[in-house]
Amino acid sequence: MKPYLSFALALSAFVATPAMAGTTIFTGDTTGGPTFNRPVSGTPPTGLSGVGTAVRYVVTPFTVSATGAYSFLNESRYDNYLGIHAGSFNPLNALENAVAYDDDFAGLNSGFAGLNLMAGTSYFAITSGFQNSDFGAYTLTVSGLGDITGETVAAVPEPGIWAMMILGFGFVGSMLRRRKLGFALAA
């Protein structure tokens, strides 16, 4: 191979190599999830909604491997809403650590183009509805300079659910104890 040809191939490979970029897709469903009073749109948001006072939500914790701009697209068949929190998310104080909230990025969908995130920081994507009656399945696509890692987690059960679970475990335990006692008396 001629020297100028190998140099040209090496140079074209270097120039044509795109920057590393990651894309991650999260799916979930807000139906039956816990509720909170969501913030209004803003980067960062400055107040709470007057129409989304008890919207159902799902929390998706994630991290990014490279500092830079990331894009988010939250798609659904209902009017969804997307929020990003840094460090932690507290539904009782929804403005705390809120980085950005958005509605109507593309029709019923929500998202951000070019939201600057830092590597090594824990982030939380909050998917909810615009109004209290907006909920259902969604797909959240996150893309940017680095890898995006995380998972959609189920919400913490509400106190009534915990009470029912504890009563159920207690009932099962008492039945097993009675059964054991019955075997002992029969012997």
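The structure under discussion appears in the preceding block.
Residues numbered from 1 in each chain as written. Predicted model: local features only at pLDDT ≥ 70, side-chain atom pairs only at ≥ 80, totals over all residues. Heavy atoms only, no water.

Asks: I tried to follow the environment of Tyr 70 on my own but got confused; where do I start?
Replies: Locating Tyr 70 in the fold gives a position in strand 4 (residues 68–76). In sequence terms Tyr 70 and Leu 115 are 45 residues apart; their C-alpha atoms lie 5.2 Å from each other. Excluding residues that lie within four positions of it along the chain, Tyr 70 makes contacts with Val 64, Ser 65, Phe 112, Ala 113, Gly 114, Leu 115, Leu 117, Ser 143, Gly 144, Leu 145, Gly 146 and Ile 148. Engagement of the side chain of Tyr 70 in a polar contact is seen with the backbone oxygen of Ala 66, the distance being 2.5 Å. (Helix = DSSP H or I, 4+ residues; strand = E, 2+ residues; numbered from the N terminus. Contact = heavy atoms within 4.5 Å. Polar contact = N/O pair within 3.5 Å; in protein donor to acceptor, adjacent residues only side chain to side chain.)

Asks: For this particular structure, what's the right way to read the packing of aromatic side chains?
Replies: The description of an aromatic ring pair uses the distance of the two centres, along with the angle that the planes make with each other. As enumerated under the stated definition, the model contains eight aromatic pairs in all. When the centroid spacing of 5.6 Å and the interplanar angle of 75° are considered together, the rings of Tyr 57 and Phe 89 count as edge-to-face. Here Tyr 57 is found in strand 3 (residues 55–64), whereas its partner Phe 89 is found in the loop between strand 5 (80–86) and strand 6 (98–103), with 32 residues between them in sequence. Summarising the burial analysis for this pair, Tyr 57 and Phe 89 share the class buried. Note on Tyr 81 and Tyr 101: the rings are 6.2 Å apart at their centroids and 35° apart in plane angle, and the pair reads as tilted. Highlighted residues: Tyr 81 in strand 5 and Tyr 101 in strand 6, separated in sequence by 20 residues. You can call Tyr 101 buried: its relative accessible area is 2%. Members of the aromatic cluster, connected to one another through ring pairs, are Phe 62, Phe 72, Phe 112 and Tyr 123. Against the face of Tyr 81 rests Arg 38, its NZ or CZ located 3.8 Å from the ring centre. (Phe/Tyr/Trp six-rings, centres within 6.5 Å; stacked < 30°, edge-to-face > 60°. Buried < 20%, exposed > 50% of the residue type's maximum accessible area, 1.4 Å probe, protein only. Lys NZ or Arg CZ within 6 Å of the ring centre and 35° of its normal.)

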